[in-house]
Amino acid sequence: MSYAAHLGLTVQEASPELTRVTVTVGHAGLNMHGSAHGGLLFSLADEALAVISNLDAQAVAIETHLSFFRAARPGDALMALATPERVGRTLATYRVEIRRETDWELMALFQGTVSRREKK
């Protein structure tokens, strides 16, 4: 079982223009305060980055940043929406918004840059 599957991450849509990955916050994904663990949100965003950046190339992350805005609670259905900011020949940067599905609230914002090369 992959790490993403273990966490319950599901790729709902995957294209070079938009990739959407979802997860529902369960008990195992909570921190000591009873809200979603930051590692769960990071993993959700990182999976969206990995999927979108590897559609047209072989890519690995070289830098990421995540800002948390709202706490997600047990039962919250979250989605990570990844879109390209700039895609070059050897580097690409993507924006990933983590939103709560019920009200579209922006929970966190992730930016990731990848090193890329042609697929073999």
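Just above sits the structure.
On a predicted model such as this, the values are computed, not experimentally measured, just so you know.

Engineer: Would you explain the packing of aromatic side chains in this entry?
Structural biologist: When we look at a pair of aromatic rings, we describe it by the centre distance and by the angle of the planes. Applying the stated criterion across every chain, the model contains 1 aromatic pair. With a centroid separation of 5.4 Å and 70° between ring planes, the pair formed by phenylalanine 42 and phenylalanine 110 is classed as edge-to-face. Of this pair, phenylalanine 42 sits in helix α2 (residues 38-53) while phenylalanine 110 sits in strand β6 (residues 106-117), and the two are 68 residues apart along the sequence.

Engineer: Explanation requested: the sheet that holds strand β4 (residues 77-87) in the structure shown.
Structural biologist: The strand order β1-β2-β4-β5-β6-β3 describes an open sheet built from 6 strands, whose pairing is antiparallel. Strands with a single pairing partner mark the edges of an open sheet, and in this sheet they are β1 (10-14) and β3 (58-68). Across this sheet, the average inter-strand angle for adjacent strands is 20°, counted without regard to direction. Here β1 pairs with strand β2 (residues 19-24) via 4 bridges, running antiparallel. Bridge pairing in β2 links alanine 14 to threonine 19. In the packing of α2 onto the sheet, contacts are made with β1, β2, β3, β4, β5 (91-100) and β6, and the angle to β4 comes to roughly 45°.

Rules of the game
- Residues numbered from 1 in each chain as written.
- Predicted model: local features only at pLDDT ≥ 70, side-chain atom pairs only at ≥ 80, totals over all residues.
- Heavy atoms only, no water.
- Phe/Tyr/Trp six-rings, centres within 6.5 Å; stacked < 30°, edge-to-face > 60°.
- Helix = DSSP H or I, 4+ residues; strand = E, 2+ residues; numbered from the N terminus.
- Pairing = 2+ DSSP bridges.
- Axes fitted to C-alpha atoms, helices over the stretch in contact; angles between N-to-C directions.
- Contact = heavy atoms within 4.5 Å.

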